[in-house]
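Chain and residue survey
Below are the chains, spelled out letter by letter.
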Amino acid sequence: MSYPVRAVRRRIQDEHAAIVAGIDRCAEQVAAPWDTARTTDPDRVGDSLSSALESSGLLERLPHVLADAIDETGHELQARPVPKPPYVVVTSRGPVLRATIEPGRLVIRFDVFEVVRDPGPAYRRLDGVSLEVALE
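Below or above, wherever it landed, is the structure these notes cover. Predicted model only: the values in this text are computed from it and were never measured. (Residues numbered from 1 in each chain as written. Predicted model: local features only at pLDDT ≥ 70, side-chain atom pairs only at ≥ 80, totals over all residues. Heavy atoms only, no water.)

Digging into the pairing of strand β4 (residues 104-116)
Regular strands place their side chains on alternate faces of the sheet. Where strand β3 (residues 95-101) and β4 come together, six bridges link them in antiparallel fashion. Bridge pairing in β4 places alanine 99 opposite leucine 106. As consecutive antiparallel partners, β3 and β4 are separated by two residues. Between the end of β4 and the start of strand β5 (residues 122-135), which pair antiparallel, lie five residues. (Pairing = 2+ DSSP bridges. Helix = DSSP H or I, 4+ residues; strand = E, 2+ residues; numbered from the N terminus.)

Pasting the structure below:
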């Protein structure tokens, strides 16, 4: 893991802990009505998570997290990020923030669900939020 990646991870954990905790609460809200510990409907996960993030106000705050992460790298974006693609995408695993900067593509994933392949594709709630940062 490179220095900018570590720095971005620390910045998000230190400065945006409330947003990370909010993402975790939204994922709990999505998984609460499931009959079992998993679901096989990716749209139910992704759409429900997107709705929960939007209604909580977190979706609007995610571009600020991305901008702050980019500032931490010492680079700049050509445009102000907005809470929609290509900057912010809510997947069936969790929110993903993306931006292209001078050294490559910065990708920040807040995974709150995992894909379980056996016996068939299903989504299971993770214990908390798995923060993944990559510079590709």
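Here's the deal with unusual backbone geometry
In this structure, proline 86 follows proline 85 across a cis peptide bond, with omega equal to 10 degrees. Tracing the chain through its elements places proline 86 in the loop between α4 (58-73) and β2 (88-90).

Some points on the packing of aromatic side chains
Scanning the model with the defined rule gives one aromatic pair in all. Ring geometry for tryptophan 34 versus phenylalanine 113: centroids 5.6 Å apart, planes at 40 degrees, classification tilted. A residue pair is termed long-range when its members are at least 10 positions apart, and tryptophan 34 in the loop between α2 (17-31) and β1 (38-39) and phenylalanine 113 in strand β4 qualify at 79 residues. With respect to burial, tryptophan 34 and phenylalanine 113 carry one shared label: buried. (Phe/Tyr/Trp six-rings, centres within 6.5 Å; stacked < 30°, edge-to-face > 60°. Buried < 20%, exposed > 50% of the residue type's maximum accessible area, 1.4 Å probe, protein only.)

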